[in-house]
Amino acid sequence: MILVTGAAGFIGSNFVLDWLAQSDEPVVNLDALTYAGNLENLASLEGDTRHIFIKGSIDDFDLVAKLLAEYQPRAIINFAAESHVDRSIHGPEDFIQTNIVGTFHLLEAVRAYWNGLEDEAKASFRFLHVSTDEVYGSLTKEDPAFAETNRYEPNSPYSASKAASDHLVRAYHHTYGLPVLTTNCSNNYGPYHFPEKLIPLVIHNALAGKPLPIYGDGQQIRDWLYVKDHCSAIRCVLEAGKLGETYNIGGWNEKPNLDVVHTLCAILDQLSPRADKQPYKTQITYVKDRPGHDRRYAIDASKIERELGWKPAETFETGIQKTVQWYLDNQSWVNNVTSGAYQSWVGKQYCAEL
Ligand code: NAD
Ligand code: TYD
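Owing to the predicted nature of the structure, the values given are computational and were not obtained by experimental measurement.

Caption draft 1: Here's a closer look at the overall build of the protein chain. Counting its regular elements, the protein chain contains 13 helices and 12 strands. At 20 Å, the protein chain has a C-alpha radius of gyration in line with the 20 Å of a compact globule built from 354 residues. Taking all 354 residues of the protein chain together, 55% fall into the buried category. Within the protein chain, counting contacts between residues at least 6 apart in sequence, those at least 24 apart form 82% of the total. Carbon together with sulfur atoms contributes 50% to the accessible area of the protein chain, which is approximately 14800 Å² in total. Charge separation in the protein chain, taken as the distance between the mean sites of 31 positive and 45 negative side-chain charges, equals 3 Å.

Set out below in structure tokens:
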């Protein structure tokens, strides 16, 4: 079996759903169920004995050690993290605790477990660390896309904490021989994306008749990948990645934020027109820019394509259409995750301006 951390979150839950749709290999899911973790994402697995959920933190050495001894996983995929840049600006501490200290404690427990394995199990064991392109910093319009050889230049508390975790993972390979793999992926979008992030927030606000907040001039560029393509890339790296290597994952889909929001508005105009027949883009509202806002991210995904034969299945156009449709079909999921604590976050982040 495999142990997946943070699999009640956006990407982790998509990963588990895809994994169990394609394989009968059981998954132990260790998730602390922070505001971003939601077991409803995995409701379709209720009663499925191949999914074992454990509520707990990667930061809890004793718990992780106990789970490893009990379930004897052949691989660990580490999604668990605090993941939202804006939250890391308001309060970096949780990011340091989970992304750095948590990863460290997880690595320590895994190292002890791995050291005790028999030769064959030891040789085939894998620790795959899921990271982000944000560790490379910000590009100008003219710069080439991020390659695996780019220098780390993280600019936000979030990206700095992820960079630190990547370095720890690397060090555990070089120092202790732990069989690690690291992936650095661009911005994901798709089902179960928490509506604090741009794409689900815009869909949610549009349908609720609320402002669509654009930070600064809206010309910041992100490189978007449909979440199921990220999941297939992780499966591919887990199976065939070279130990100690890092793989950049992206879909060659660079878009300015404003274009993304216009695309979302146009799709919603077609699929769910406003009662007054006005276009959704009239709800666009410019707000104060994010402090230290990275201007452009772009992933050069040629290494994973060349060495492992991975390619995304979705274009931005097909993926975004599916995503909007998913949110329209799953309004109750959105309503559930946007009650309670979500409201106070929106108040803190946007209320001064909107
Ligand atoms: P998310 O915030 O939706 O989910 C994170 C999950 O981790 C939640 O279920 C949360 O409960 C859990 N968690 C948090 N702290 C924990 C802890 N101490 N122990 C156990 N579980 C804990 O995040 P996501 O968007 O699904 O991102 C998953 C991973 O992928 C993160 O490591 C992130 O850095 C990385 N990543 C995300 C993107 C993206 O666009 N979302 C892109 C590249 C890489
Ligand atoms: P986000 O989804 O938070 O991802 P990240 O910061 O990790 O790239 O934001 C994507 C882009 O959208 C980023 O440039 C910030 C911008 N943005 C807005 O303009 N308005 C918003 O309300 C949010 C949440 C993000």
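Caption draft 2: Seen up close, the packing of aromatic side chains. Going through the model one piece at a time under the given rule, you end up with 19 aromatic pairs. Aromatic ring contacts, followed pair by pair, group Y136, F146, Y152 and Y297 into a single cluster. The ring of Y176 carries R111 above its face, with NZ or CZ at 3.8 Å from the centroid. The cationic tip of K303 hangs over the ring face of Y247; the distance from NZ or CZ to the ring centre is 4.7 Å.

Caption draft 3: Layout of the site of ligand 1. Around ligand 1 there are 28 residues in total, and I11, D31, S83, Y158 and K162 lie nearest to it. The backbone of L33 places a nitrogen or oxygen atom 3.4 Å from an oxygen atom of ligand 1. With respect to ligand 1, the backbone of I58 contributes an N or O atom lying 3.0 Å from a nitrogen atom. Across the complex, the protein chains shield 96% of the 830 Å² of accessible surface that ligand 1 would expose by itself. Partitioning the shell around ligand 1 into residue classes produces 13 nonpolar, 13 polar and two charged.

Caption draft 4: Representation of the nonpolar core in the model. Core analysis: the biggest nonpolar cluster contains 69 residues, and V4, F15, I77 and I304 have the highest contact counts within it. Other than its neighbours up to four places away in sequence, I77 contacts I2, L3, V4, T5, F15, L128, V130, I234 and L238. Of all hydrophobic cores here, the second largest spans 24 residues; its members include L63, I76, V169 and L178.

Caption draft 5: Focus on the site of ligand 2. Close to ligand 2 lie 18 residues; E134, R222, R290, H293 and Y350 are nearest. Residue N257 places a side-chain N or O atom 2.9 Å away from an oxygen atom belonging to ligand 2. Burial of ligand 2 by the surrounding chains reaches 97%, relative to a free accessible area of 510 Å². For the shell around ligand 2, the secondary structure elements donating two or more residues are α7 (198–207) and β8 (212–215). With three residues, β8 is the single largest residue contributor to the shell around ligand 2. Split into classes, the residues belonging to the shell around ligand 2 amount to eight nonpolar, five polar and five charged.

Caption draft 6: Quick look at the packing of helix α9 (residues 257–271) against helix α11 (residues 316–329). Relative orientation of the contacting elements α9 and α11 amounts to 55°, with a least axis distance of 10 Å. Taken together, the axes of α9 and α11 lie oblique to each other. In this structure, the crossing between α9 and α11 has a hand that is right-handed. Across the interface between the two elements, V260, T263, L264, I267, L268 and L271 of α9 pack against F316, I320, Q321, V324, Q325 and L328 of α11. Counted by class, the contact of α9 with α11 contains nine nonpolar, three polar and no charged residues.

Caption draft 7: Focus on the sheet that holds strand β4 (residues 75–78). Strand order in the open sheet formed by seven strands is β3-β2-β1-β4-β5-β6-β10, with parallel pairing between adjacent strands. Only two strands of the sheet have a single partner each, and these edge strands are β3 (51–55) and β10 (246–249). The sheet shows a mean angle of 20° between the axes of neighbouring strands, taken without regard to direction. Here four bridges tie β4 to strand β5 (residues 126–132), and the two strands are oriented parallel to one another. Its bridge partner being in β5, A75 is matched across the sheet by R126. On the sheet, helix α1 (residues 10–22) packs against β1 (2–5), β2 (27–31), β3 and β4 and is oriented at approximately 155° with respect to β1. Its contacts with the sheet place helix α8 (residues 227–240) against β4, β5, β6 (180–185) and β10, and it is angled at close to 145° to β5.

Conventions used here
Residues numbered from 1 in each chain as written. Chains lettered and ligands numbered in written order. Predicted model: local features only at pLDDT ≥ 70, side-chain atom pairs only at ≥ 80, totals over all residues. Heavy atoms only, no water. Helix = DSSP H or I, 4+ residues; strand = E, 2+ residues; numbered from the N terminus. Rg over C-alpha atoms; globule rule 2.2 N^0.38 Å. Buried < 20%, exposed > 50% of the residue type's maximum accessible area, 1.4 Å probe, protein only. Contact = heavy atoms within 4.5 Å. Areas by Shrake-Rupley, 256 points an atom, 1.4 Å probe, with all protein chains shown as cover. Lys, Arg positive; Asp, Glu negative; His and termini not counted. Charge placed at Lys NZ, Arg CZ, Asp CG, Glu CD. Phe/Tyr/Trp six-rings, centres within 6.5 Å; stacked < 30°, edge-to-face > 60°. Lys NZ or Arg CZ within 6 Å of the ring centre and 35° of its normal. Near = heavy atom within 4 Å. Polar contact = N/O pair within 3.5 Å; in protein donor to acceptor, adjacent residues only side chain to side chain. Nonpolar A, V, L, I, M, F, W, Y, C, P; charged D, E, K, R; others polar. Core = buried A, V, L, I, M, F, W, Y, C linked by side-chain atoms within 4.5 Å. Axes fitted to C-alpha atoms, helices over the stretch in contact; angles between N-to-C directions. Parallel < 35°, antiparallel > 145°, perpendicular 65-115°, else oblique. Left-handed = near helix turned anticlockwise from the far one by under 90°. Pairing = 2+ DSSP bridges.

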